[in-house]
Amino acid sequence: MSVCIGGVVVIGFLRWGWRRCTYIGSNDSATWPTATAEEFEPVPRICRIILAVYEEDLHHPMFPPAGGYLLNPDWVIKRVTYKQTHGHAPPYLIYLDHDHREIVLAIRGLNLLKESDYKLLLDNKMGMQMFDGGFVHHGLFNSAIWLLHEEAENLKRLWEENGSCYKMVFAGHSLGSGVAALMTVVAVNHRELFGGMPRSDFQCYAVAPARCMSLNLAVKYADVIRSVVLQDDFLPRTPTPLEDIFKSIFCLPCLMFLVCLRDTFIPEGRKLKDPRRLYAPGRMYHIVERKFCRCGRFPPEVRTAIPVDERFEHIVLSLNATSDHGIIWIEREAEKALEILRESDNSKTTTAPKVQRLERLQTIEKEHREALERAHSLGIPDALITLEEEPSLRLDEGSSSGIKEEESSSVQNDTGNYQDCSENASKCESKATNRKTSWNELVEKLFARTDSGKLQLKTDVKNVDPTITGPLA
């Protein structure tokens, strides 16, 4: 009997090992539709702008991508280094793109040699930071607030000086993608900082995105945030908190295997209903270029969707898991994919371009509505059913958007489990008021001013009571 039981266990483990080792990145998007050339067109260009952050002088670039940056160095409004950010944010630049009528703020990725970047990543714990009815990464959120405080006035001025008709684009890679995504979430809730710019004029491109917001926020802001993932990239798939990933960066394969083994025994429903679990933000664009048991790279294809369940939840045990995270490779493959999409669109053209564009916009809006409904039907905590009303940053989001921020949904007990408000309604009495929180109050909650007038993160900000500041805690 014991031999039979042992045999069953061995067979079961071998089956699990086979399924995990043969799982490839393209499986995550196997059912997604193909993106159009028009909607994917900005991606290679945005990647080149992010790469430009690494250059000290764009007039004499040291590491240009194939074909060059294709940027006008005279349109770079501002370039900020580590020395100027004082560790509050990664380096970034502001580029005024007159050709495409965009104001682009691009943020570079993680620098393994900079202690300040690690501090941003390590400044977080599950359920530590609430915002707009969900959870966000605490350190990246603080960085986004600081960056908006520094540059919102400059961005507003550029927008007004150019006829108030340019789009506002926040873009970032890796660490910078999390900052850019959270900047977008905050910005659309505080559009007064940008002269009342419409929500539709905000766009975010999160390249090789970090998991920085809870599932309800990731779906809610899918109309303004676009995440780009290259095949097997490890970062958007790793549910382990960012701070743990980069503590183990030099033994990443070991960490990925252990996470893969652990998640095998966690039911999918439990993952979805944990409001503190963070995900890659927004609409996903998956660049697929490799196939199972095939050598080399194939012509890349781009698939897109707003997934709710199965949102890059499976670790891919691949030799390319880290190389697919590199911005250089992503830019190259995105450019190839765009050329293929253009050729495909040209060969299938049977209707006027304006009609095609309108039909695609209607499809994108429909997909967003369906994703919101799907999230609500699955019981995702604080998931919205509709976005008919413009979201506003309130101390009590329940009165305006149908979200009830109740204390027990975000408080972790001594055993490490979270309490569900739906099961503890008697204990979930909201202490927040209905007054809209101003931008100045948000900054004052998180930062203090030094004698020289500069902002400094409060050391006790982690202890702010979430029931007092609502989504800003």
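Above this note sits the structure.
Everything in this summary refers to the structure shown in the same document. Sequence positions are assigned chain by chain, starting from 1 and proceeding in written order. Only residues with pLDDT of at least 70 are given local features in this predicted model, and only at 80 or more are side-chain atom pairs given and counted; all residues enter the totals for whole chains, interfaces and linings. Hydrogens are left out, water is left out, and the side-chain values use all remaining heavy atoms of the structure.

### With respect to the environment of Ala206
Then, number 1: Segments assigned H or I by DSSP are reported as helices when at least four residues long, segments assigned E as strands when at least two residues long, and all are numbered from the N terminus. Checked against the element boundaries, Ala206 lands in strand S7 (residues 202-207).
Then, number 2: For Ala206, a relative accessible area of 0% puts it in the buried group.
Then, number 3: Between the alpha carbons of Ala206 and Ala171 there is a distance of 5.9 Å; along the sequence they are 35 residues apart. Remark: exposure states derive from per-residue accessible area (1.4 Å probe, protein chains only) relative to the maximum for the residue type, with buried under 20%, exposed over 50%, and partly exposed in between.

### With respect to the pattern of salt bridges
Then, number 1: By definition, a salt bridge exists where a carboxyl oxygen of Asp or Glu is found within 4 Å of a side-chain nitrogen of Lys or Arg. Within this structure, the stated rule accounts for 23 salt bridges.
Then, number 2: Between Arg45 and Asp97 there is a salt bridge, with the nearest N and O atoms lying 3.6 Å from each other. Of this pair, Arg45 sits in helix H3 (residues 42-52) while Asp97 sits in strand S2 (residues 92-97), and the two are 52 residues apart along the sequence.
Then, number 3: Judged by its relative accessible area of 6%, Arg45 is buried.
Then, number 4: Under the relative-accessibility criterion, Asp97 is labelled buried at 2%.
Then, number 5: In this structure, Lys78 and Glu151 form a salt bridge, with 2.7 Å as the shortest nitrogen-oxygen distance. Linking Lys78 in strand S1 (residues 76-80) with Glu151 in helix H6 (residues 138-161), this pair joins segments that are 73 residues apart in sequence.
Then, number 6: Here Glu151 falls in the buried class, since its relative accessible area comes to 1%.
Then, number 7: What emerges from the salt-bridge pattern is a single network uniting Glu39, Arg283, Arg360 and Glu367.

### With respect to the nonpolar core
Then, number 1: Phe170, Phe194 and Met213 are the most contacted members of the largest nonpolar core, which totals 52 residues.
Then, number 2: Here this core takes 11 residues from H6, the largest share from any one element.
Then, number 3: The contact partners of Phe194, leaving out residues within four places of it in the chain, are Leu148, Ala152, Leu155, Lys156, Trp159, Met168, Phe170, Ala187 and Phe202. Think of a nonpolar core as a cluster: buried Ala, Val, Leu, Ile, Met, Phe, Trp, Tyr and Cys residues, connected wherever their side-chain atoms sit within 4.5 Å. What makes two residues a contact is simply this: any of their non-hydrogen atoms within 4.5 Å.

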